[in-house]
Structures are given as structure tokens and as C-alpha cells.
Amino acid sequence: MPKLYESEAEVVIDGTATPTYVRFMVFTEGGLKSWEGVLDSEGSNLAMTAIEADEVLLRMADGKEGRIIVTNDPTEQGVAFTGSGPAPI
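With that out of the way, let us pick up the overall build of the chain. Within the chain, the secondary structure is distributed over one helix and six strands. In summary, the chain has a C-alpha radius of gyration of 12 Å against a globular reference of 12 Å for 89 residues, a match within 12%. When the backbone C-alpha atoms are referred to their principal axes, the chain occupies close to 35 × 25 × 20 Å. Counting only contacts in the chain whose residues sit at least 6 apart along the sequence, the fraction spanning at least 24 positions is 46%.

Below, the structure written as C-alpha cells:
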């Protein structure tokens, strides 16, 4: 069963941190873990900058970080992403 995480966070795009609110799910099936979610965003600048970036990190309030790949332009739910590697939990 997936677990939902919600928190204040920062998205760090090529070293520049921007405050955001994040909601993501961590899935565990057959021993494999994956995670994906959305960043709250004010417009498309964050999404376009992240899509074109070399490195995008999600930094949680406690300092834990995980790499993310932004997967689309903003929607009503926010900017969608997929986690790459371990989730920052």
C-alpha cells in the first residue's frame, strides 16, 4: 500500500533553492520502491527551469534530499515529478 507524505520543502534546481509544498507517494511492490508526486508552483517558470536543469533535488524540512525528474508543465495539482533513487524520508 502506498504511503503519502506532505510537507513544506525546497526544490533545488542546479543549486538554487525555491520554497514549495510537496505531496508524494512512496510505493513498495515486490521489494521495489518508487516515488512520485507534485510540487505546488506559482506558474510554469519552476517547471520549465526544472525540466531544462542538470540536477533537481527535493529537500525536505529536516534536510533529507532526493533527486527528482519533473515530468510535465504545471497542472491544477501542481508540477508533477518522479523520484530518482531513494525517497527523502
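Moving on, there is more to tell.
In terms of nonpolar packing, the biggest core is built from 20 residues, with Val22, Phe24, Trp35, Leu39, Leu58, Ile68 and Phe81 touching the most fellow members. For this core, the secondary structure elements donating two or more residues are β1 (3-13), β2 (16-29), β3 (32-39), α1 (45-52), β4 (56-60), β5 (65-70) and β6 (79-84).

Once that is clear, we can look at the pairing of β3. Of the pairings in the sheet, the one linking β2 to β3 comprises eight bridges and is antiparallel in character. Paired with Thr28 across the strands is Lys33, a residue of β3. Adjacent in sequence and paired antiparallel, β2 and β3 are bridged by two residues, among which Gly30 carries a positive phi angle near 60°. The pairing of β3 with β6 spans four bridges and is classified as antiparallel. Opposite Val38, over in β6, you have Ala80 as the bridge partner.

Okay, the confidence of the model for the chain next. Scored by pLDDT, the chain comes out at a mean of 87, with 93% of its residues at no less than 70. Taken element by element, the chain is modelled with least confidence in α1, mean pLDDT 84, and with most confidence in β4, mean pLDDT 95.

Here the focus is the pattern of salt bridges. Under the definition given, this model contains four salt bridges. For Glu55, the salt bridge identified is with Arg67, shortest N-O distance 2.9 Å. Taken as a pair, Glu55 in the loop between α1 and β4 and Arg67 in strand β5 lie far apart in primary sequence, 12 residues in all. Overall, the relative accessible area of 33% leaves Glu55 in the partly exposed class. The partly exposed category is assigned to Arg67, whose relative accessible area is 39%. Counted as one network, the salt bridges with shared partners bring together Glu10, Arg59 and Glu65.

This part covers the pairing of β6. The side chains of a regular strand alternate, residue by residue, between the two faces of the sheet. Bridge analysis of β5 against β6 gives four bridges, and the strand direction is antiparallel. In the strand pairing of β6, Val70 is matched with Phe81.

Conventions used here
- Residues numbered from 1 in each chain as written.
- Predicted model: local features only at pLDDT ≥ 70, side-chain atom pairs only at ≥ 80, totals over all residues.
- Heavy atoms only, no water.
- Helix = DSSP H or I, 4+ residues; strand = E, 2+ residues; numbered from the N terminus.
- Rg over C-alpha atoms; globule rule 2.2 N^0.38 Å.
- Contact = heavy atoms within 4.5 Å.
- Core = buried A, V, L, I, M, F, W, Y, C linked by side-chain atoms within 4.5 Å.
- Buried < 20%, exposed > 50% of the residue type's maximum accessible area, 1.4 Å probe, protein only.
- Pairing = 2+ DSSP bridges.
- pLDDT = per-residue confidence, 0-100.
- Salt bridge = Lys/Arg side-chain N within 4 Å of Asp/Glu carboxyl O.

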